[in-house]
Amino acid sequence: MASTQSVSSLVTGGAASAGPPLGPSLGPLGVNIMEVINTINDKTKDFEGMKVPVTVVVDTDTKKYEINVGIPSVAPLIFKEAGIQKGSGASGTEWVGDITMDSLIKIARTKLESSYASSLKSVVKTVAGTCLAAGVKIESKNPREITAEINQGVWDEKIDSSN
């Protein structure tokens with residue numbers, strides 16, 4: 001029976017290094033640390049600059065490893081789409097960015113697998129709520145307005161056609 005050990009960490013997408021926390025944790029497991037780090041960076045490059053959960057599962061007998069990459073939280077995905085570094089400090093009154101409905105749906109689709117939501121539409125509304133908190137408009141409108149439109153079915157065709 002093969003024995004495995006897991007190392008879980010939050011890394012910056014595309015910029016993991018052999019330093020702490022990964023290097024010291026992987027060292028005792030006998031894997032090629034740089035090879036593992038390079039693989040992690042390759043797998044997380046789409047999330048550049050974002051904190052990404054990563055788990056490295058190592059078979060301690062064969063030294064083979066598997067890397068599982070999680071999904072960043074919603075806020076950094078919104079910031080990336082809006083081209084901003086951080087959200088507004090005064091949500092609902094100060095607006096720091098604007099994303100399109102396509103971007104909103106793209107983020108929701110990324111999160112759908114890891115959420116317990118039953119439909120893409122409900123995840124889209126959740127992401128819109130995060131936009132509101134972050135001070136990011138959607139289609140140049142207040143996210144509350146977009147959420148009301150989603151509830152009224154205004155965006156159903158666009159949401160359904162993206163499935």
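Our subject in this report is the structure included herewith. If you're wondering where the values come from, they're calculated on a predicted model, not measured in any experiment. As a convention, each chain's residues are numbered from 1 in the sequence order in which they are written. Note on the predicted model: pLDDT of at least 70 is required for a residue's local features to be given, and 80 or more for side-chain atom pairs to be given and counted; whole-chain, interface and lining totals, by contrast, use all residues. With hydrogens and water set aside, each side-chain value is computed from the structure's full complement of heavy atoms.

Some remarks on the overall build of the protein chain
- Helices and strands together make up the secondary structure of the protein chain, namely seven helices and five strands.
- The secondary structure listing takes helices from DSSP runs of H or I that are at least 4 residues long and strands from runs of E that are at least 2 residues long, numbered from the N terminus. The linear arrangement of helices and strands in the protein chain, starting from the amino end, is β-α-α-β-β-α-β-α-α-β-α-α.
- The size measure is the radius of gyration over C-alpha atoms, and the globule rule it meets is 2.2 Å times the number of residues to the 0.38 power. In terms of overall size, the protein chain is more extended than a compact globule, its C-alpha atoms giving a radius of gyration of 19 Å where 163 residues would be expected to give roughly 15 Å.
- Based on the C-alpha atoms only, the size of the protein chain along its principal axes is roughly 55 × 35 × 20 Å.
- Burial classification: accessible surface area is computed with a 1.4 Å probe over protein chains only, and a residue below 20% of its type maximum counts as buried, one above 50% as exposed, and the rest as partly exposed. Burial analysis of the protein chain (163 residues in total) assigns 36% to the buried set.

Here we look at the environment of I107
- Position of I107 among the secondary structure elements: in helix α4 (residues 101-112).
- Given a relative accessible area of 3%, I107 falls into the buried group.
- Residues I107 and A15 lie 92 residues apart in sequence; the distance between their C-alpha atoms is 22 Å.

Some words on the side chain of D59
- Within the element layout of this structure, D59 appears in strand β2 (residues 51-59).
- Positive residues here are Lys and Arg, negative ones are Asp and Glu, while His and the chain termini are left out of the count. By definition, a salt bridge exists where a carboxyl oxygen of Asp or Glu is found within 4 Å of a side-chain nitrogen of Lys or Arg. The charged side chain of D59 is buried without a salt bridge, its nearest counter-charge being K63 at 7.3 Å.
- Side-chain atoms alone can form a polar contact between residues adjacent in sequence; in general such a contact is a pair of N or O atoms within 3.5 Å, and within protein one must be able to donate a hydrogen while the other accepts it. Of the polar contacts made by the side chain of D59, one reaches the backbone nitrogen of D61; its length is 2.8 Å.

A look at the nonpolar core
- If you look at the biggest cluster of nonpolar residues, it comprises 42 residues, and the most contacted ones within it are I40, M101, L104 and V124.
- If you tally residues by element for this core, the top one is helix α5 (residues 120-134), at seven residues.
- Contacts between residues were defined by any pair of non-hydrogen atoms, one from each residue, lying within 4.5 Å. Those residues within four positions of V124 in sequence are excluded, and the remaining contacts are M101, L104, I105, A108, I150 and I159. Each nonpolar core is a collection of buried residues, namely Ala, Val, Leu, Ile, Met, Phe, Trp, Tyr and Cys, held together in the definition by side-chain atoms within 4.5 Å.

A word on the sheet that holds strand β3 (residues 65-69)
- Between any two strands, pairing holds if DSSP finds at least two bridges. As summarised here, the arrangement of the three strands in space is β1-β2-β3, forming an open sheet in which the pairing is antiparallel. Where the open sheet ends on each side, the last strands, each with one partner, are β1 (4-12) and β3. Taken over all neighbouring pairs, the strand axes of this sheet differ in orientation by 20° on average, direction set aside.
- Pairing analysis gives five bridges linking β2 to β3, with the strands arranged antiparallel. Bridging across to β3, V57 finds its partner in E66. Note on geometry: axes are lines fitted to C-alpha atoms, helical ones only across the stretch in contact, with angles between N-to-C directions running from 0 to 180 degrees.

Examining the layout of surface pockets
- As a volume, the largest pocket reaches approximately 170 Å³.
- For the largest pocket, the full set of lining residues is E48, G49, M50, P76, F79, K80, I84 and Q85.
- Asp, Glu, Lys and Arg are counted as charged, while Ala, Val, Leu, Ile, Met, Phe, Trp, Tyr, Cys and Pro are counted as nonpolar; the rest, among them Gly, fall into the polar class. In terms of residue class, the lining of the largest pocket is made up of four nonpolar, two polar and two charged. Buried and open spaces are told apart on a 1 Å grid over the protein atoms alone, a cavity being a set of points where a 1.4 Å probe fits but cannot get out and a pocket being an open set with protein on both sides within 12 Å along at least five of seven lines. Residues with an atom within 4 Å of a point are the lining residues. Grid points are joined across faces, edges and corners, and a volume is the space filled by probe spheres set on the points.

Details of unusual backbone geometry
- Here the bond from P20 into P21 is cis, since omega is 5°, no more than 30 degrees from zero.
- Of note, P21 is situated in the loop between β1 and α1 (22-26).
- With a phi angle near 55°, E139 is a residue other than glycine that sits in the positive phi range.
- Summarising the element assignment, E139 is placed in the loop between β5 (136-138) and α6 (143-152).
- On the basis of relative accessibility, which here comes to 34%, the residue E139 falls in the partly exposed class.

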